[in-house]
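Listed below are the residues making up each chain.
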Amino acid sequence: MLNVGHSQEQDYLQERLADPKTVAALTALVDKLPDLKVLLDMLTGLLQRGPEMADTINEGVEQFRELTPEQPPVNIAGLLATVVKFQTIIDSPETQALLDSDIFKPKTISVVNKAADALIDSIDNYDPEKKVGLLGLVAVLTDPDVKRAINFLTSFLKQFGKELAK
């Protein structure tokens, strides 16, 4: 409260209140009081709910941690060294030659995949007790699948021989 006596502070306050800028600022402030009250009420509500909100966030973080396996700390130096080694391998003339070759063409991959399928099926159907003699071998040569494979094999051998001659 103000003292009944006059003081320098009272004089200063009277001068400020007489200033038109102060009057304009106070008028604008009074006009904004309803908005400030709403804002203050929201802030008060937020502060009152702060612990509840923090608990909710903490529960979410704990649930996320349960969903993700624990990861060891990242070794940046080791990771960087691995990236450098990998880049060296990628940039090597051998890797570049491999990438420029026909080995990754869809047709090549398809043939290799068929050979792998045939190998797996052969392993699954192999009977180590079965004996195949010369007559059995001649009989197998009449099988259309065997004929197709022999045709492929002889064609491959011819082309491979040409490549070796280059």
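Residue numbers here run from 1 along each chain, matching the order of that chain's written sequence. Note on the predicted model: pLDDT of at least 70 is required for a residue's local features to be given, and 80 or more for side-chain atom pairs to be given and counted; whole-chain, interface and lining totals, by contrast, use all residues. Side-chain metrics rest on all non-hydrogen atoms present in the structure, leaving aside hydrogens and water.

Engineer: Pulling in residues and values, what's your account of the overall build of the protein chain?
Structural biologist: In terms of regular secondary structure, the protein chain is built from seven helices and zero strands. When the helices and strands of the protein chain are placed in sequence order, the string is α-α-α-α-α-α-α. This radius of gyration counts C-alpha atoms alone. The globule rule is 2.2 Å times how many residues there are, raised to the power 0.38. Computed over its C-alpha atoms, the radius of gyration of the protein chain comes to 43 Å, more than 25% above the 15 Å expected for a compact globule of 166 residues. Seen through its principal axes, the protein chain has C-alpha atoms that stretch 135 × 40 × 35 Å. Three labels apply to residues, based on accessible area from a 1.4 Å probe with only protein chains included: buried if under 20% of the type maximum, exposed if over 50%, partly exposed otherwise in between. Across the 166 residues that make up the protein chain, the buried fraction comes to 2%. Per element, the accessible surface of the protein chain, about 15,700 Å² overall, is 66% carbon and sulfur. Seen as two clouds, the 17 positive and the 25 negative side-chain charges of the protein chain have centres 16 Å apart. Comment: elements are numbered from the N terminus, with helices defined as DSSP H or I runs of at least four residues and strands as E runs of at least two. With residues, only the protein chains shown are counted as cover, and all accessible areas are computed by Shrake-Rupley using a 1.4 Å probe. The sign given to each residue is positive for Lys and Arg and negative for Asp and Glu; His and the chain ends receive no count. The location of each charge is read from NZ of Lys, CZ of Arg, CG of Asp or CD of Glu.

Engineer: Any chance you could break down the layout of surface pockets for me, citing the residues and the numbers?
Structural biologist: Approximately 330 Å³ is the volume attributed to the largest pocket. Points on a 1 Å grid over protein atoms alone make up a cavity when a 1.4 Å probe fits among them but cannot get out, and a pocket when they form an open set with protein on both sides within 12 Å along at least five of seven lines; lining residues each have an atom within 4 Å of a point. Every residue along the wall of the largest pocket is listed here: Val 111, Lys 114, Ala 115, Ala 118, Asp 121, Ser 122 and Phe 152. A total of six residues in the lining of the largest pocket trace back to one element, the largest contributor, which is helix α5 (residues 106–125). Grid points are joined across faces, edges and corners, and a volume is the space filled by probe spheres set on the points.

Engineer: Describe a negative patch on the surface, naming the residues involved and giving the relevant values.
Structural biologist: Note on patches: the residues involved have over 30% relative accessible area and no salt bridge, like charges join within 9 Å, and the nonpolar side chains Val, Leu, Ile, Met, Phe, Trp and Tyr join within 5 Å. Between Lys or Arg on one side and Asp or Glu on the other, a salt bridge is scored when a side-chain nitrogen of the former is within 4 Å of a carboxyl oxygen of the latter. On the surface, Asp 55, Glu 59, Glu 62 and Glu 66 cluster together to form a negatively charged patch. Mapping Glu 62 onto the fold places it in helix α2 (residues 20–67). Of the residues examined, Glu 62 reaches a relative accessible area of 39% and is grouped as partly exposed.

Engineer: Break down a nonpolar patch on the surface for me, with residues and values.
Structural biologist: Together, Leu 13, Leu 17, Leu 26, Leu 29, Val 30, Leu 33, Leu 36, Val 38, Leu 39 and Met 42 make up an exposed nonpolar region whose accessible area comes to about 910 Å². Secondary-structure elements contributing two or more residues to the nonpolar patch are α1 (8–18) and α2. Broken down by element, the nonpolar patch gets its largest block of residues, eight residues, from α2. With respect to the helices and strands, Met 42 occurs in helix α2.

Engineer: So, the pattern of salt bridges: which residues are in play, and what are the values?
Structural biologist: Going through the model one piece at a time under the given rule, you end up with three salt bridges. The salt bridge involving Asp 102 is made with Lys 105; its shortest N-O contact spans 3.2 Å. For Asp 102, a relative accessible area of 46% corresponds to the partly exposed category. Across the pair Asp 145 and Arg 148 runs a salt bridge, and its minimum N-O distance is 2.4 Å. In this pair, Asp 145 and Arg 148 are both assigned in helix α7 (residues 144–165), three residues apart and thus about one turn of the helix distant.

Engineer: Run through the packing of helix α3 (residues 76–91) against helix α4 (residues 93–100), naming residues and quoting values.
Structural biologist: Axis geometry follows a simple rule: fit a line to the C-alpha atoms, using only the stretch in contact for helices, then measure angles between N-to-C directions, giving values from 0 to 180 degrees. For the pair α3 and α4, the least separation of the axes is 5 Å and the interaxial angle reads 55°. Classed by the angle they form, the pair α3 and α4 counts as oblique. In contact with Ile 89, Ile 90 and Asp 91 of α3, α4 contributes Pro 93, Thr 95 and Gln 96. Think of it as three bins: nonpolar holds Ala, Val, Leu, Ile, Met, Phe, Trp, Tyr, Cys and Pro, charged holds Asp, Glu, Lys and Arg, and polar takes everything else, Gly as well. Class assignment for the residues of the contact of α3 with α4 results in three nonpolar, two polar and one charged. An angle below 35 degrees is read as roughly parallel, one above 145 as roughly antiparallel, one from 65 to 115 as roughly perpendicular, and any other as oblique. Whether two residues are in contact is decided by their heavy atoms, any of which lying within 4.5 Å being enough.

Limitation: the analysis is restricted to geometry and does not speak to function.
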